[in-house]
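The chain contents come next:
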Amino acid sequence: MNYPELFLKKNEDKRLRQGHLWVFSNEVDCRRSPLEQFAPGDLATVCDADAKAIGVAYVNPNALICSRLLTRKSNLKIGESFFRSRLNQALGLRQRLFDKPFYRWVFGESDGLPGLVVDRFGAVLSVQITTAGMERHKDLLVKVLCELVEPTAVLLKNDTGQRQLENLSLVPELVFGELPERLEVVENGTRFLVNIAEGQKTGWFYDHRENRARLAKLVRGMRVLDLFSYAGAWGIPAALGGAAEVCCVDSSESALSLAQASAELNGVAGTMRFERSDVFEFLKQARERREQFDVVILDPPALIKRKKDFKSGYEAYRRLNHLALQVLSSSGILVSASCSHHLSRENLQEILRSSARHIDRHLLLFAGGGQGPDHPIHPAMAETEYLKAFFCAVSPTI
């Protein structure tokens, strides 16, 4: 295929040749290939300073990440067969990993489809398209998705802030079928009710699947506090695991309503209570009441969305972990997680160390976790690894 050429400055091809897929606007030789000659979503052949082709990418001249590589085969046509091949490959991996159709089918760059996330909820697909380049192909994508799994509904969520950066509409689109108000998700043998149209992100968070399964084995007879509980993905398995009591805290009334309905569905409603509250405020009041829990789960939303927010976000994580430790019983378990890419595993470990020392507690990290296998990590792209979790045994100081 003869796509227009996008030339890089000298030595700016090294990262791409090592496996990365992004081109930043300051890496482009704008004298040879002015960015303004491209419209958002245009395809281009990316070339190094010596005019050697690196691959085919789509371009958005208005974005900091101005180009994302789709293939290293410079003569490959980006059309229906391309998308069918990539989607089939991603689907094959998930079908080997899971025996039920509840998983993240496409995880952007890791699956060779930058700007695309697809979550599968049985016969319903929830799709996030985050770039102008992928938006250009949405009709073709929907066509291929429908051919491969014959869904009953396909929803384009269109509600992520990344779409704003690419000047894309934030209006959701039901592009195929009819969407029920509530769907049932099966995860680790637990049944959950979700509302993908009104829920956060794609409507569910599959990424902590393995971490939640680990926790459920540790809570028998214990009093559990699930902070930022959303629809009960941690709390309900804990109740099924034999917890004596589970308290779910979230600021969203609709999320807690779903959690309560799921608790009833799984026959554990009598073990659970649901508190609508700001988590910081709840922890402060629990501390004042001297309320104690045997297990505390701290799984907040991303508190550092951009690198420039690191300082304030780090402080928020520190305060949360400090407060959580103060309501943990003398020999308890803290599960502390972060989905902020900009907060490293080392950062979170340091927060746990310093918070424990500040209140004179002995803290041991006895297990760690990351994102599940349906969120595979691209080894050349640190950006695809974002989730980290520590399982901590906390006791009186030694």
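Residues numbered from 1 in each chain as written. Predicted model: local features only at pLDDT ≥ 70, side-chain atom pairs only at ≥ 80, totals over all residues. Heavy atoms only, no water.

K.L.:
Explain the nonpolar core to me, using residue names and the numbers behind them.
P.N.:
Residues Phe121, Val185, Trp204, Leu215, Val224, Val246 and Met272 are the most contacted members of the largest nonpolar core, which totals 39 residues. Listed by contribution, the elements that provide at least two residues to this core are strand S9 (153–156), strand S11 (183–187), strand S12 (190–194), helix H7 (235–240), strand S14 (245–250), helix H8 (253–265), strand S16 (293–298) and strand S17 (328–338). Excluding residues that lie within four positions of it along the chain, Met272 makes contacts with Gly235, Ile236, Ala239, Val246, Cys248 and Ala263. In terms of nonpolar packing, the next biggest core, distinct from the first, is built from 32 residues, Phe293, Leu298, Leu323 and Ala356 among them. (Core = buried A, V, L, I, M, F, W, Y, C linked by side-chain atoms within 4.5 Å. Buried < 20%, exposed > 50% of the residue type's maximum accessible area, 1.4 Å probe, protein only. Helix = DSSP H or I, 4+ residues; strand = E, 2+ residues; numbered from the N terminus. Contact = heavy atoms within 4.5 Å.)

K.L.:
An account of helix H2 (residues 80–97) is requested, with residue identities and associated values reported.
P.N.:
Between its first and last C-alpha, H2 extends 26 Å over 18 residues, near the 26 Å set by a 1.5 Å rise per residue. All buried positions along H2 are accounted for by Phe82, Phe83, Arg86, Leu87, Ala90, Leu91, Gly92 and Arg94. The inward-facing, buried residues of H2 contact strand S5 (65–71), strand S6 (102–107), strand S7 (116–121), helix H3 (132–135) and helix H4 (138–149). (Expected span 1.5 Å × (residues − 1).)

K.L.:
Outline the sheet that holds strand S4 (residues 53–59), listing residues and values.
P.N.:
Paired through backbone hydrogen bonds, the strands of a sheet run either parallel or antiparallel to each other. The mixed open sheet is built from 5 strands, whose spatial order is S1-S3-S4-S5-S2. For this open sheet the edge positions go to strand S1 (5–7) and strand S2 (22–24), each flanked by a neighbour on one side alone. Here the strands of the sheet are splayed against their neighbours by 40 degrees on average, with no regard to which way each runs. Bridge count between S1 and strand S3 (residues 42–47): 3 bridges; the pairing is parallel. Following the sheet pairing, Phe7 is matched in S3 by Cys47. (Pairing = 2+ DSSP bridges. Axes fitted to C-alpha atoms, helices over the stretch in contact; angles between N-to-C directions.)

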